[in-house]
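For reference, the chains in residue letters:
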Amino acid sequence: MAWPDRMEFSCPVKLICGRRALEHIPYELSARDARHPLLLSDEDAARENRSRAFVDALRASDQTLGAIEALPAKANLELVSELAAIYRDRDHDGLVVMGAGPLMETAKLLNLVVSTGQDDPRAFTSEKAGIALRLKPLVLIAPAAANGYEASGRVQTDGFDLRAVGLMPNLVCIDERTLGAPGRETLIATGIRALALGAETVMAADKNPVRDIYGVNAVQMAATALRAVETMPNAATPRMHLAGAAVMAGCALADRPPGRLERLARRLAATGRTNYSEALGILLPAAADFGERQWAWSPVDLLPALVGLDRAACTPPRQRSMRTASTLMALVNDLFRHTAGRFPRTLEDAGFTREELASIAASIATDERDMAPETIVGLLQVALDGAPGPDRR
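Residues numbered from 1 in each chain as written. Predicted model: local features only at pLDDT ≥ 70, side-chain atom pairs only at ≥ 80, totals over all residues. Heavy atoms only, no water.

A. Focus on the packing of aromatic side chains. On inspection of all chains with the given rule, the structure shows 2 aromatic pairs. Ring centres of F290 and W295 lie 5.5 Å apart, and the angle between their planes is 85 degrees; this geometry places the pair in the edge-to-face category. Side by side, F290 and W295 carry an identical accessibility label, which is buried. Grouping aromatic residues by their ring pairs yields a cluster made of F290, W295 and W297. Note that R260 overlies the ring of W295, its terminal NZ or CZ placed 4.9 Å from the centroid. For the cation-ring pair, R266 lies above Y276, with the distance from its terminal atom to the ring centre recorded as 4.0 Å. (Phe/Tyr/Trp six-rings, centres within 6.5 Å; stacked < 30°, edge-to-face > 60°. Buried < 20%, exposed > 50% of the residue type's maximum accessible area, 1.4 Å probe, protein only. Lys NZ or Arg CZ within 6 Å of the ring centre and 35° of its normal.)

So this is what it looks like as structure tokens:
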């Protein structure tokens, strides 16, 4: 597949992607009365000199650019205060971010501070931030190594959790020149996160048509890229799909609280035996099967995004749920094979034992009846064995 020079998608977060997508950013900034943006880039972007393509794209405009490069990959409030002082002293009027999740969290907090005049973002709660704030323009130039949360309305750092649709970027740009060159396993992690976050959105019982549109696109793009794992590091198209999948997953999340798979994966990652992306990959096939029985999830809604409309339609209705789970399991098995076993298929592969499942489940604090420890143990047992349950029909 050859990507065109530019494709645009109309949605609350405007997405522009293609081989020459950067050239549209100056126009978008001008439309929002931003003439002197500040570019923030992380260490990976600075090392690979990715900002050059954006600087070149800005030359034909009447805008002037400030830049702070090689910022640390960790959001913290002290850094936000330092950047806010620079932003104000130099009379900047918009932010352009070139980097993955931690830098984008810093940028969201920075934009909140410079837009509202409130120097301490801890003064905001999710309820207050949910008011229709008129924040300054925020543009994300998405990398292939995104974490799936960049385009969301969430910030989770320094011990506080802030969620508001207003925190989402106004524009996301995906350009072949700024994807970066991460290794295969980093790219796999991007794909799995986007796949799992999109899949939970689509399967979950609390349906939202707009979120489902984003979730379906996240699943389609992530699955397409993960199936091209052999060429992933060296070809632009899989990396474009991964960046797009991460953006779509973030849009699907918007400002809603963390989902069940997110919370379970973070608890498993906290043990140190696996990481967040691997835990999501392990849990997803099990959750597709288990969620239908226990949480009223609808895995059949996910099948067209995974295998295509024609194949989904040709699958007998009574077999569609099981095919969803088995397709996800096959994808995880392929990743296990392509990484020579470094990407685990099951909790057993990651070093967990059946005896400790109850204590892990009991440590997940929640008031939800459907997330009771005895219920979670059932899901973890499926994830330990790595096989969907028998056909219950």
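B. Summary view of the pattern of salt bridges. If you walk through the whole model with that rule in mind, you get 22 salt bridges. A salt bridge links E262 to R154, with the nearest nitrogen and oxygen atoms 2.7 Å apart. Here E262 is found in helix α10 (residues 260-269), whereas its partner R154 is found in strand β7 (residues 154-157), with 108 residues between them in sequence. The pair E262 / R154 is uniform in exposure class, with both members buried. E356 serves as the salt-bridge partner of R273, at 2.8 Å between the closest nitrogen and oxygen. (Salt bridge = Lys/Arg side-chain N within 4 Å of Asp/Glu carboxyl O. Helix = DSSP H or I, 4+ residues; strand = E, 2+ residues; numbered from the N terminus.)

C. The pairing of strand β2 (residues 14-18), seen in detail. The buried fraction of β2 amounts to 4 of the 5 residues, a majority that puts the element mostly inside the structure. By the bridge criterion, 5 bridges tie β2 to strand β9 (residues 171-175) in an arrangement that is parallel. Looking across to β9, one finds that K14 is bridged to L171. (Pairing = 2+ DSSP bridges.)

D. The arrangement of the side chain of S41 in detail. Mapped onto the fold, S41 is located in strand β3 (residues 38-42). In this view, S41 contacts I68, E69, A70, L71, M98 and L103; residues no more than four positions away in its chain are not counted. (Contact = heavy atoms within 4.5 Å.)

E. Up close: helix α7 (residues 184-203). In this model, α7 (20 residues) spans 28 Å end to end at C-alpha, consistent with the 28 Å of a helix rising 1.5 Å per residue. Summarising burial for α7: 17 of the 20 residues are buried, a large majority. (Expected span 1.5 Å × (residues − 1).)

F. Inspection of the packing of helix α8 (residues 209-226) against helix α9 (residues 236-253) at higher detail. Two elements in contact, α8 and α9, have axes whose closest approach is 8 Å; the angle formed by their N-to-C orientations is 155 degrees. Between α8 and α9, the crossing angle belongs to the class labelled roughly antiparallel. The way α8 lies across α9 gives a crossing that is left-handed. Each of R211, Y214, G215, N217, A218, M221, A222, T224 and A225 in α8 lies in contact with α9, whose residues at this interface are P238, M240, H241, L242, G244, A245, M248, A249, C251 and A252. A per-class count over the contact of α8 with α9 returns 13 nonpolar, 5 polar and 1 charged. (Axes fitted to C-alpha atoms, helices over the stretch in contact; angles between N-to-C directions. Parallel < 35°, antiparallel > 145°, perpendicular 65-115°, else oblique. Left-handed = near helix turned anticlockwise from the far one by under 90°. Nonpolar A, V, L, I, M, F, W, Y, C, P; charged D, E, K, R; others polar.)

G. The pairing of β3, seen in detail. Taken across its 5 residues, β3 has 5 buried, putting it largely inside the fold. On β3, burial covers both faces: L38, L40 and D42 on one face and L39 and S41 on the other are all buried. Where β3 and strand β4 (residues 66-71) come together, 4 bridges link them in parallel fashion. Counterpart to L38 in the pairing with β4 is G66. Pairing analysis gives 4 bridges linking β3 to strand β5 (residues 95-98), with the strands arranged parallel. Residue L40 lies in a different strand from β5, and its bridge partner there is V97.

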